[in-house]
Each structure stands twice: as structure tokens, then as C-alpha cells.
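Residue-level listing of the chains:
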Amino acid sequence: AQKITQTQPGMFVQEKEAVTLDCTYDTSDPSYGLFWYKQPSSGEMIFLIYQGSYDQQNATEGRYSLNFQKARKSANLVISASQLGDSAMYFCAMREGLRPAGNQFYFGTGTSLTVIP
Amino acid sequence: GAGVSQSPSNKVTEKGKDVELRCDPISGHTALYWYRQSLGQGLEFLIYFQGNSAPDKSGLPSDRFSAERTGGSVSTLTIQRTQQEDSAVYLCASSTTWGPSDTQYFGPGTRLTVL
């Protein structure tokens, strides 16, 4: 089974509107972290937001918020007031916490977001 | 402070040649990761270093790939006898710890093209 699933290969949003990028995950580890990264056309992976499995509240960072629904195993990224510079690939990732092994960090296949002026 | 740096930013080589890719992590970060990203794809884990522990090499695709990390800092990924399917962007990341909250910070990547 896929550890991280991003079902939206491409999304479009009007400038200044909000958009939700979907992410579901699969783990039996009680301790895990969820991450979202942005990858613009320049190629660099930019960390956006983190949510821990034990965090009671949804994470927020500026215009980014993470809609964490633990029972559904979903960690959707919400971008409010979209800007043209938000056009990029967005990757959801998960880290399972109990073992210090590098391959315990899993990435989804990404969602390409295009912001329309 | 300085982020993760990688060099070269672009590398074009001929099939069969060896290449070395360099990663300089954020100062103080004990964990270092190498990933490969083929065009339009997600990230493929290659290798992981944590402090002085033996590296996790479980993601290396073949014995043509190797990596080392000297002095717990700079890392070099070496690909011997390159093949066209090795063409990809190679990303390096570092983090402070290995726990569930260890945010990985990525370098700009090295775009490798094997002709």
C-alpha cells in the first residue's frame, strides 16, 4: 500500500481564492510527522508546514494551514488567498518516528498547482 | 544562516563515465539524506547518514551508486559507469534529528544528464 497518496495530479485556482490539496497517509506507527513541501520550477524543495501525530491543533504557517483529520488519515494543505507565486508542485510527506532509518520518510507523487490571474 | 548547498548545479556526462555530486548540509545538522527525482516524478530515497552511525543504504538502486560523509558534514554521492537512466535531479537534505518532527531542508539539487 502507498504510504502517501496525493490523488490530484493537477489543480487550478483563481488568484486570491483558497485551494485545498489532498493528502492521505497510511501508517500503523502511533508517532509520525506530516510535512508539506513546495517545489517551484527552479527545483528546490521548500518546507512549508509540519503536523505531528500528537498535535491537538491543526498547524498553521501564514497562508498555509494543514487540515489534519487523524481518524481519516488525511492531512490536506489549505492555501488561502492564492498568489501567482504559489504556482508549483506540492509534495506531502510523512516520517514514521520510532526508528532512525532514512527510508522511513515517504513522499507522495505531488500535485501541480497553477494559479490563474 | 546558510542553507544546504549542492554542487555542481548541472552536470552533463557521457555514458560510462563516473560522476561525483557534493552536498554541504546546514551546520549542526546530524542527519543527511540523498534523493533522486526523475522528470515529473516524486522523490526516491537513496541513502541516509545519521551522526556516526552506519549509513542506511537501502535505497541505492545498484552497486554503481555509493556515498560517503566525511567528518559528519560534507557528503559525496558517486555514480560509477553512468547510464542514461541515471539522468535525474539529485537532491540532498539535512535535518537536526531523526525523530518524527525532523524537518528536512533541501538543497537546490544537481541536475545530471547522461548522454
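Residues numbered from 1 in each chain as written. Chains lettered and ligands numbered in written order. Predicted model: local features only at pLDDT ≥ 70, side-chain atom pairs only at ≥ 80, totals over all residues. Heavy atoms only, no water.

**Q** Any chance you could explain the packing of aromatic side chains here in plain terms?
**A** The geometry of an aromatic ring pair is captured by the separation of the ring centres together with the interplanar angle, meaning the angle of the planes. Inspection of every chain in the model, using the stated rule, returns 14 aromatic pairs over all chains. When the ring of Tyr37(A) is compared with that of Phe47(A), the centres are 5.9 Å apart and the planes differ by 65°; the resulting orientation is edge-to-face. Of the two residues, Tyr37(A) is situated in strand S5 (residues 32-39) and Phe47(A) in strand S6 (residues 46-52); the sequence distance between them amounts to 10 residues. Looking at Tyr37(A), the relative accessible area reads 0%, which means it is buried. By relative accessible area, which is 24% here, Phe47(A) ends up partly exposed. With a centroid separation of 5.3 Å and an interplanar angle of 85°, the aromatic rings of Tyr37(A) and Phe106(B) are classed as edge-to-face. Taken as a pair, Tyr37(A) in strand S5 and Phe106(B) in strand S9 (residues 105-106) lie in two separate chains rather than in one. Across this residue pair, the class does not change: Tyr37(A) and Phe106(B) are buried. Each residue in the set Phe35(A), Tyr37(A), Phe47(A), Tyr50(A), Phe107(A), Tyr33(B), Tyr35(B), Phe45(B), Tyr48(B), Tyr105(B) and Phe106(B) is aromatic and connected to the rest through ring pairs, giving one cluster. (Phe/Tyr/Trp six-rings, centres within 6.5 Å; stacked < 30°, edge-to-face > 60°. Helix = DSSP H or I, 4+ residues; strand = E, 2+ residues; numbered from the N terminus. Buried < 20%, exposed > 50% of the residue type's maximum accessible area, 1.4 Å probe, protein only.)

**Q** Quick question: what am I supposed to make of the state of the cysteines here?
**A** Two cysteines whose sulfur atoms are joined by a covalent bond form what is called a disulfide. Summed over all chains, the structure comprises 2 disulfides over all chains. The disulfide partner of Cys23(A) is Cys92(A), and the gap between their sulfur atoms is 2.0 Å. Between Cys23(A) and Cys92(A) the sulfur-sulfur dihedral comes to about -65°; the bridge is accordingly left-handed. Of the two residues, Cys23(A) is situated in the loop between strand S3 (19-21) and strand S4 (24-25) and Cys92(A) in strand S10 (residues 88-96); the sequence distance between them amounts to 69 residues. Per residue, the accessibility class of Cys23(A) equals that of Cys92(A), and both read buried. The residue that forms a disulfide with Cys23(B) is Cys92(B), at a sulfur-sulfur distance of 1.8 Å. Disulfide Cys23(B) to Cys92(B): torsion about the S-S bond roughly -65°, handedness left-handed. One end of the pair, Cys23(B), is in strand S3 (residues 19-24); the other, Cys92(B), is in strand S8 (residues 88-95), with 69 residues separating them in the sequence. We note that Cys23(B), like Cys92(B), is buried. (Disulfide = S-S within 2.5 Å.)

**Q** How should I be thinking about the nonpolar core in this particular structure?
**A** What tends to happen in soluble globular proteins is that the nonpolar side chains get buried as a cluster. Grouped together as the largest cluster of nonpolar side chains are 25 residues, with contacts concentrated most on Leu21(A), Tyr25(A), Trp36(A), Ile49(A), Leu77(A), Tyr90(A) and Leu113(A). Looking at this core, the elements with two or more residues in it are strand S2 (10-14), S3, S5, S6, strand S8 (64-69), strand S9 (74-79), S10 and strand S12 (111-116) of chain A. Residue contributions to this core peak at 4 residues, all from S10(A). If you look at the next biggest cluster of nonpolar residues, it comprises 20 residues, including Leu21(B), Ile26(B), Ala67(B) and Ala88(B). (Core = buried A, V, L, I, M, F, W, Y, C linked by side-chain atoms within 4.5 Å.)

**Q** Help me understand the side chain of Thr110(B), please; the structure alone is not making it clear to me.
**A** All names here are of chain B. With respect to the helices and strands, the residue threonine 110 is situated in strand S10 (residues 110-114). Residue threonine 110 is classed as buried on the basis of its relative accessible area, which comes to 0%. In this structure the side chain of threonine 110 is engaged in a polar contact, spanning 2.5 Å, whose partner is the backbone oxygen of proline 8. Apart from the residues within four sequence positions on either side, threonine 110 is in contact with Gln6, Ser7, Pro8, Ser9, Lys11, Leu21, Ala88, Val89 and Tyr90. (Polar contact = N/O pair within 3.5 Å; in protein donor to acceptor, adjacent residues only side chain to side chain. Contact = heavy atoms within 4.5 Å.)

**Q** Explanation requested: the environment of Ser73(B) in the structure shown.
**A** Residue and element names in this part refer to chain B. Here serine 73 lies in the loop between strand S6 (65-69) and strand S7 (75-79). Residues serine 73 and glycine 107, spaced 34 residues apart in sequence, show a C-alpha to C-alpha distance of 14 Å. When near neighbours in sequence (up to four residues on either side) are disregarded, serine 73 contacts Asp24, Pro25 and Leu32.

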